[in-house]
Amino acid sequence: MTIQVKATAAHPAVTTEQISETDKRHTIHPWADLATAPTTGDLVISKGEGYHVYDSDGKRYIDGIAGMWCVNIGYGNVEIAEAIAKQAQKLAYYTPFGAMTNPLSAELARVLAELTPGDLNRVQFTTSGSGAVDSAIRFVHFYFNAIGKPEKKHIISRLESYHGSSYLTASLSGKQVDRTYFHYMDDIIHHISCPNPYRREPGLSLEAYCQQLLGEFEDKINEIGADNIACFIAEPIMGSGGVLVPPTGYHKGMKALCEKYDILYILDEVVTGFGRLGHFFSAEPVWEIIPDLITCAKGITSGYQPMGAVIISDRLFDRISGDNAPEAAYFTNGYTYSGHPITCAAALKNIEIIQRDNICEHVREVGPYFIERLKTLEKYDIVGETRGNHLMACVECNISGNPVAAEDKDITAARTVDKFCDEAGLIVRPYEALLILSPPLVIDKEGIDQLVSILAQSIEQATEELK
Ligand code: PLP
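Summary of the structure given here. Only a predicted model underlies this, so the values are computations on that prediction, with no experimental measurement involved.

Right, let's get into the overall build of the protein chain. Scanning the protein chain for helices and strands turns up 14 helices and 15 strands. Across its three principal axes, the protein chain shows a C-alpha extent of roughly 65 × 65 × 45 Å. Here the contacts in the protein chain between residues at least 6 apart in sequence split such that 72% fall between residues at least 24 apart.

Now the structure itself:
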C-alpha cells in the first residue's frame, strides 16, 4: 500500500480545517488538555518572517514568545537555511559514539567553550534541553561515584522550576500545576522555595527576602546532610514558572553556599542562553557566578534545528579522566544525534549571525525599553505587576488583590487578555495569572511599541468583559 503524503512544505494544498482535523485525530501534543484536545481546533502556524508568524489562513501575528523562547534571530533566515542544506548534502550524519566525530561538532564544542565562563570547556551535545539537563545530572552522579563519594546523590531544585520533560527532568521540575497522573522520582529530589519577590511576605525588604531564601537552602542542606547532596540546579530567571527574577545577590549567595558544602551548581540557561538577557550566557555578566555546569538548548540554533548541550568544568572532567579515570570509566551517556552535523551547522551559523549582527548589543539596547514600556501597563486595575529582564518578561494579572497567591479570577483575567491579544494578532503565553513574553531578539522599538499597544488594548477589552 502506498500512503499518499498530502501536505508537505512543497505542497501545502490542504485547508486549515483539514490540517486541524488530521492533527486532532493523530497527534498528542506536549501539554495537551486531554479532555478538550480531541475537539478543540488548532492554531496552525505555517510561516515566519523576522519577528512575525502567519497562520494557515494568512493572518499575521507578532510572535511575542519566539516560538517557545527559541527563535532568537527571527524567522526566515536564509543563511541558516543554506548552511543546513549545504551540510545535508555534504554529510547528513555520522555516529558520535566512542572516538568518532565530525568537523562541525568539534568546532561547535570549541566555540561553546569560548562563550561560557571560567573553565567550562567540556561539551556534551544532546538533542533538547531535557537531554542537556538529564546529561548534566547523569554526569554529576557519575562524577561523585567515580571519585569515591557515592552517597552524594541528592539534588536540590526549586518549586516552580522547569527543567524538561524526561522522567528525571520532569521530576526535577517544581511546577505543581504540571504534576499530573505521571510518576515522579522523588526519593533523591528536593524542592525548596523559588524566588518570587512579587509574592513575598508583605513588608519584607528584598534584602531580607533574599536572606530568607538563602537560609531555607542552608537549612535544607543541613536536613539532608551535605555529604548526601550532589548538586543544586537553577534557572537564572525562572521562565515557564512565571518569569521569576531573583533578588540581587541570590545566585551569588546560593553559589557561595554550594561551595561551602561541596555541592555542584548547575545553571540551566536553556532559555537565558544565546542573547535573551543581552549576553551569550548570563552566568558571569548578569549574576556574577561561574557555575560548575551550564545547560543550554533553544537559542543555540534559534530553533532552526533541535539541539541542546551541557558544558562542564575542566576541573570536574579532569578529575575523572585520563590518568585520573577510575577502572572501566565508560561515560555511557549520549545520543545517536549528539553533535549531529546538520544541527551543528545551524548552531555555528546562528552564533556567527548573533555576533556579526551585534544581537546581544541590540538586546541590551531594546531590552530596558521593553521592560519600561511594559511598566506602563501597571496603570490598569487588572494588572498586578509587570516584570522581567531584557527580552524575558511577563504581565501578572491580579484582580483579586490577593498579595500572596493568584486566585481563579486572576487566571480568568489572564486568559481573557490572551484571547483579545490573539484576535488582534499578538501571540503571548498565558500561564496561570500571567502573560509570558519572550519575542525574537531581532524585535525593534517599533515592534515593541506595537506589542505593548496590543497588550494595552487587550487589557482594556478584558477589563470591560470581566465587569
Ligand atoms: N530547561 C529549561 C529552563 C526550559 O525552559 C526547558 C524548556 O522550556 C527545558 C529545560 C527543556 O527543554 P526541551 O523542551 O528542549 O527538552
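With that settled, consider unusual backbone geometry. Keep in mind that most residues, glycine aside, have a negative phi and that most peptide bonds are trans. Its identity as a non-glycine residue notwithstanding, valine 243 has a phi of 45°, on the positive side. Within the element layout of this structure, valine 243 appears in the loop between β7 (229-234) and α8 (250-260). Look at phenylalanine 274: it is not a glycine, yet its phi comes out positive at around 65°. Topologically, phenylalanine 274 is positioned in the loop between β8 (264-268) and α9 (283-287).

Looking now at the sheet that holds strand β10 (residues 308-313). Spatial strand order, β4-β10-β9-β8-β7-β5-β6: seven strands in an open sheet with mixed pairing. Edge positions in the sheet fall to β4 (120-126) and β6 (189-192), since each of these pairs with one other strand and no more. Geometrically, the sheet is characterised by an average inter-axis angle of 20° between neighbouring strands, direction not taken into account. Pairing geometry for strand β5 (residues 154-158) and β6, over four bridges, is parallel. Bridge pairing in β6 places isoleucine 156 opposite histidine 190. With respect to the sheet, helix α7 (residues 206-224) is in contact with β5, β6 and β7, its orientation differing from that of β6 by roughly 155°.

We now examine the site of the ligand. Near the ligand you find 16 residues, and of these Ser128, Gly129, Ser130, Gly164 and Val270 are the closest. When grouped by side-chain class, the residues that make up the shell around the ligand number five nonpolar, nine polar and two charged.

Looking now at the sheet that holds strand β3 (residues 60-63). Across the sheet, four strands lie side by side as β1-β2-β3-β13; this open sheet has mixed pairing. Each of the sheet's edge strands pairs with one partner strand only, and the pair in question is β1 (45-49) and β13 (426-427). Sheet topology places strand β2 (residues 52-55) next to β3; three bridges connect them, and they run antiparallel. Among the inter-strand pairings, tyrosine 54 is bridged to a residue of β3, identified as arginine 60.

Turning to its location among the elements, alanine 297 is positioned in the loop between β9 (293-296) and β10. The spatial distance from the C-alpha of alanine 297 to the C-alpha of alanine 405 is 31 Å, given a sequence separation of 108 residues. Those residues in contact with alanine 297 that lie beyond four places of it in its chain are Ser128, Gly129, Ala132, Val270, Met307 and Gly308.

Before going further, it helps to spend a moment on the pairing of strand β15 (residues 434-437). The two faces of β15 match: Leu434 and Ile436 on one face and Leu435 and Leu437 on the other face are all buried. For strand β12 (residues 392-397) and β15, the ladder comprises four bridges, and the chain directions are antiparallel. By the bridge assignment, valine 395 is partnered in β15 with leucine 435. Where strand β14 (residues 429-431) meets β15, three bridges bridge the pair, whose relative direction is antiparallel. The partner of tyrosine 431 across the bridge, within β15, is leucine 434.

Two elements in contact, helix α3 (residues 78-90) and helix α11 (residues 341-356), have axes whose closest approach is 8 Å; the angle formed by their N-to-C orientations is 150°. One way to sum up the angle between α3 and α11 is to call them roughly antiparallel. The two elements α3 and α11 cross, and the hand of that crossing is right-handed. Mapping the contact onto sequence places Glu79, Ile80, Ala83, Ile84, Gln87 and Ala88 in α3 and Pro341, Ile342, Ala345, Ala346, Lys349, Asn350 and Ile353 in α11.

Rules of the game
- Residues numbered from 1 in each chain as written.
- Predicted model: local features only at pLDDT ≥ 70, side-chain atom pairs only at ≥ 80, totals over all residues.
- Helix = DSSP H or I, 4+ residues; strand = E, 2+ residues; numbered from the N terminus.
- Contact = placed C-beta atoms within 7 Å.
- Pairing = 2+ DSSP bridges.
- Axes fitted to C-alpha atoms, helices over the stretch in contact; angles between N-to-C directions.
- Near = placed C-beta within 6 Å.
- Nonpolar A, V, L, I, M, F, W, Y, C, P; charged D, E, K, R; others polar.
- Buried ≥ 20, exposed ≤ 12 C-beta atoms within 10 Å, placed from the backbone.
- Parallel < 35°, antiparallel > 145°, perpendicular 65-115°, else oblique.
- Left-handed = near helix turned anticlockwise from the far one by under 90°.

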